[in-house]
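Commentary on secondary and tertiary structure
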Amino acid sequence: MSHVKGLKCRECGRSYAKAPIYVCEFCFGSLEVVYDYEAIGKTLTRETIASRSPSLWRYRELLPIDGEPTVGLYSGFTPLVAADNLARELGLKEVYVKDDANCHPTLSFKDRVVAVALSKAKEFGFDTVACASTGNLANSVAAHAAQAGLKRVVFIPADLEIGKVIGSLIYDPQVVAVEGNYDQVNRLCSEIASKYTWGFVNINLRPYYAEGSKTIAFEVAEQLGWRTPDHIVVPAASGSLSTKVWKGFSELDKLGLISRARVKVHVAQAEGCSPIVQAWKSGRDVIKPVVPKTIAKSLAIGNPADGYYAIDMLRASGGDAEAVTDDEIVDAIKLLARTEGIFAETAGGVTVAVARKLALAGKIGRNESLVICVTGNGLKTQEAVAGKIGEPIHIRPNLAAFEAALEKKTAGVG
Ligand SMILES: *Cc1c(COP(=O)(O)O)cnc(C)c1O
Ligand SMILES: [Zn+2]
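Residues numbered from 1 in each chain as written. Chains lettered and ligands numbered in written order. Predicted model: local features only at pLDDT ≥ 70, side-chain atom pairs only at ≥ 80, totals over all residues. Heavy atoms only, no water.

1. Considerations on the coordination of the zinc ion (ligand 2)
Within the first shell, the zinc ion (ligand 2) binds the protein through Cys-9 (SG), Cys-12 (SG), Cys-24 (SG) and Cys-27 (SG), at distances of 2.3 Å. Classification of the site at the zinc ion (ligand 2) as tetrahedral follows from its 4 donor atoms and the range of 97 to 118° in their angles at the metal. For Cys-9, a relative accessible area of 1% corresponds to the buried category. Among the residues examined, Cys-12 registers a relative accessible area of 37% and is labelled partly exposed. (Donors = N, O, S within 2.8 Å, 3.2 Å for Na, K, Ca; no water. Tetrahedral: all angles 85-135°; square planar, octahedral: opposite > 155°, others 65-115°. Buried < 20%, exposed > 50% of the residue type's maximum accessible area, 1.4 Å probe, protein only.)

2. Points about the sheet that holds strand β13 (residues 369–374)
One open sheet accounts for 6 strands, arranged β4-β5-β13-β10-β11-β12; its pairing is mixed. If you trace the sheet from one side to the other, it starts and ends with β4 (80–82) and β12 (321–324), each paired once. Shown here is a sheet whose adjacent strand axes are inclined to one another by a mean of 25°, direction ignored. Here strand β11 (residues 264–270) runs beside β12; their pairing, made up of 4 bridges, is parallel. Paired with Ala-270 across the two strands is Val-324, which belongs to β12. Where helix α12 (residues 307–317) meets the sheet, it contacts β11 and β12, and its direction lies at approximately 140° from that of β11. (Pairing = 2+ DSSP bridges. Helix = DSSP H or I, 4+ residues; strand = E, 2+ residues; numbered from the N terminus. Axes fitted to C-alpha atoms, helices over the stretch in contact; angles between N-to-C directions. Contact = heavy atoms within 4.5 Å.)

3. A closer look at the environment of Arg-152
Looking at the element boundaries, Arg-152 is found in strand β7 (residues 151–157). Placed 193 residues apart in sequence, Arg-152 and Glu-345 show a C-alpha to C-alpha distance of 25 Å. Apart from residues no more than four positions distant in its own chain, Arg-152 is found in contact with Val-129, Ala-142, Ala-145, Ala-146, Tyr-171, Asp-172, Pro-173 and Gln-174.

4. Re the pattern of salt bridges
Following the criterion strictly, the structure yields 28 salt bridges and no others. With a shortest N-O distance of 3.3 Å, Glu-89 and Arg-338 are connected by a salt bridge. With Glu-89 in helix α3 (residues 84–90) and Arg-338 in helix α13 (residues 326–340), the pair connects residues that are 249 residues apart, well separated along the chain. On the basis of relative accessible area, Arg-338 is assigned to the exposed category, the value being 59%. Here Glu-211 and Lys-214 are joined by a salt bridge, their closest N and O atoms 2.6 Å apart. In terms of burial, Glu-211 and Lys-214 fall into one category: buried. Sharing partners across several salt bridges, the network here consists of Glu-32, Glu-211, Lys-214, Lys-244, Lys-247 and Glu-251. (Salt bridge = Lys/Arg side-chain N within 4 Å of Asp/Glu carboxyl O.)

5. Some details on a nonpolar patch on the surface
A contiguous nonpolar surface patch, about 450 Å² in accessible area, is contributed by Ile-393, Ile-395, Leu-399, Phe-402 and Leu-406. Here Ile-393 lies in the loop between β13 and α15 (399–410). Here Ile-393 falls in the partly exposed class, since its relative accessible area comes to 44%. (Patch = residues over 30% accessible without salt bridge, like charges linked within 9 Å, V, L, I, M, F, W, Y side chains within 5 Å. Areas by Shrake-Rupley, 256 points an atom, 1.4 Å probe, with all protein chains shown as cover.)

6. Some words on the side chain of Glu-251
As for its placement among the helices and strands, Glu-251 is situated in helix α10 (residues 240–254). For Glu-251, the residues in contact, after removing those within four places along its chain, are Tyr-35, Tyr-37, Leu-62, Lys-214 and Phe-218.

7. Description of the side chain of Asn-204
Tracing the backbone shows Asn-204 in the loop between β9 (199–200) and α8 (206–211). Within the structure, Asn-204 has its side chain in polar contact with the backbone nitrogen of Phe-200 (distance 2.7 Å). (Polar contact = N/O pair within 3.5 Å; in protein donor to acceptor, adjacent residues only side chain to side chain.)

8. Notes on the site of ligand 1
Taken together, 15 residues are adjacent to ligand 1, and Lys-110, Ala-237, Ser-238, Leu-241 and Thr-375 come closest. Between ligand 1 and the protein, one listed contact pairs an oxygen atom with a side-chain N or O atom of Lys-110 at 2.8 Å. At a separation of 2.9 Å, an oxygen atom of ligand 1 approaches a polar side-chain atom of Asn-136. Against a free-state accessible area of 390 Å², the protein chains account for coverage of 97% of ligand 1. Mapping ligand 1 onto the cavity grids shows that it belongs to the largest cavity. Here the shell around ligand 1 is composed, by residue class, of 7 nonpolar, 6 polar and 2 charged. (Near = heavy atom within 4 Å. 1 Å grid on protein atoms, 1.4 Å probe; cavity = no way out; pocket = protein on both sides within 12 Å on 5 of 7 lines; lining within 4 Å. Sits in = over half its atoms within 2 Å of the grid points. Nonpolar A, V, L, I, M, F, W, Y, C, P; charged D, E, K, R; others polar.)

9. Notes on the packing of helix α4 (residues 110–124) against helix α5 (residues 136–148)
Viewed as axis vectors pointing N to C, α4 and α5 meet at an angle of 45°, and their least axial separation amounts to 9 Å. One finds that α4 runs oblique with respect to α5. The element α4 and its partner α5 pack so that their crossing is right-handed. Judged by residue contacts, Lys-110, Asp-111, Val-114, Leu-118 and Lys-122 of α4 engage Asn-136, Leu-137, Ser-140, Val-141, His-144, Ala-145 and Ala-148 from α5. Of the residues contributing to the contact of α4 with α5, the split by class is 6 nonpolar, 3 polar and 3 charged. (Parallel < 35°, antiparallel > 145°, perpendicular 65-115°, else oblique. Left-handed = near helix turned anticlockwise from the far one by under 90°.)

10. Quick word on the environment of Ala-117
Assignment of secondary structure puts Ala-117 in helix α4. With 46 residues separating them in the primary sequence, Ala-117 and Val-71 have C-alpha atoms 8.7 Å apart. In contact with Ala-117, other than residues within four places in its own chain, are Val-201, Leu-205 and Tyr-209.

Here it is in structure tokens:
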């Protein structure tokens, strides 16, 4: 059943057998999963996919597991919302929100990558799984490992939003709050991963984990009737998601499931942590690490592992990269809520604000179609908007009090 040939170094092209490894022994390049597309092309059709259950596993030939999926059986196949109200505000005709924030068990797109990583961890026989996380990944690993009966250890920066900390603790993992930023957490975890035989979903399982992100592209294409949008705006932390969205569209193209992958994939970051955008704008291939300072904590990776590949992807897809300020992020969160009734976390504010910026600059044409990825839920990052939205009116429990308050309100007083 498996169409996975093995792993391959993205730099020197050396092949490796399927194993929980992530770097090339010869050149330290990162490893990527290789599929037998010829074999997949013989059996995978639009009809086969349509006949399967509405989860990311409907594309299982293009996911790196050998047997049946065992974790995250209901993740993916999230709504592609026709966002007509938002479109009007942006001055565009055809805008969709790919809403990964509301229909996932832990309310973020990380439920995709974790479904794949933990199904693979079980195939490899790990009894403990772990991750270095900016918050959402920890939530998802903790929840899915609980369900899968795996021991779980999640590492986070100590200054995360309370919603993200509780969103992990509730599933009873060991939460390790590290006094440092994500990049320091990640460095520590790489050391731990080389010493303990744990399945770190975004370290030694990273080649498998990353493949889960392709399913956003598969779904968007299928939901649009097997075509690509003209533009898609994707948030970037490590840059992995953005590169895999492009890989997903390219695979559909290769398999003849869409006519041509002619979608511009745009990268969105917060100004307070925009190493990929800065490299892109200055025409550099090399990413200069930064120290993150932004309310978009889920995207606060100063030294992005896939930054170089994100630049490569931008060139290949013809996309652009843009960054927005924390104020623009908050405005965009409010705009999305006010127009579409979707409460996004800060990362969603980043993509909506960047979409607006690209539309204003004429980089997204009025008659072109646009998909905006909303990857996380606003209830987890309430700190970002607290004090910047309306307030309840307080009244005593009687009609007169209500009407007095109402009068005051319409008179523009309270
Ligand atoms: C992890 C995450 C991303 C993207 O992460 P990459 O490391 O670039 O793949 C985007 N949005 C949210 C909300 C996330 O938690
Ligand atoms: Zn190599």
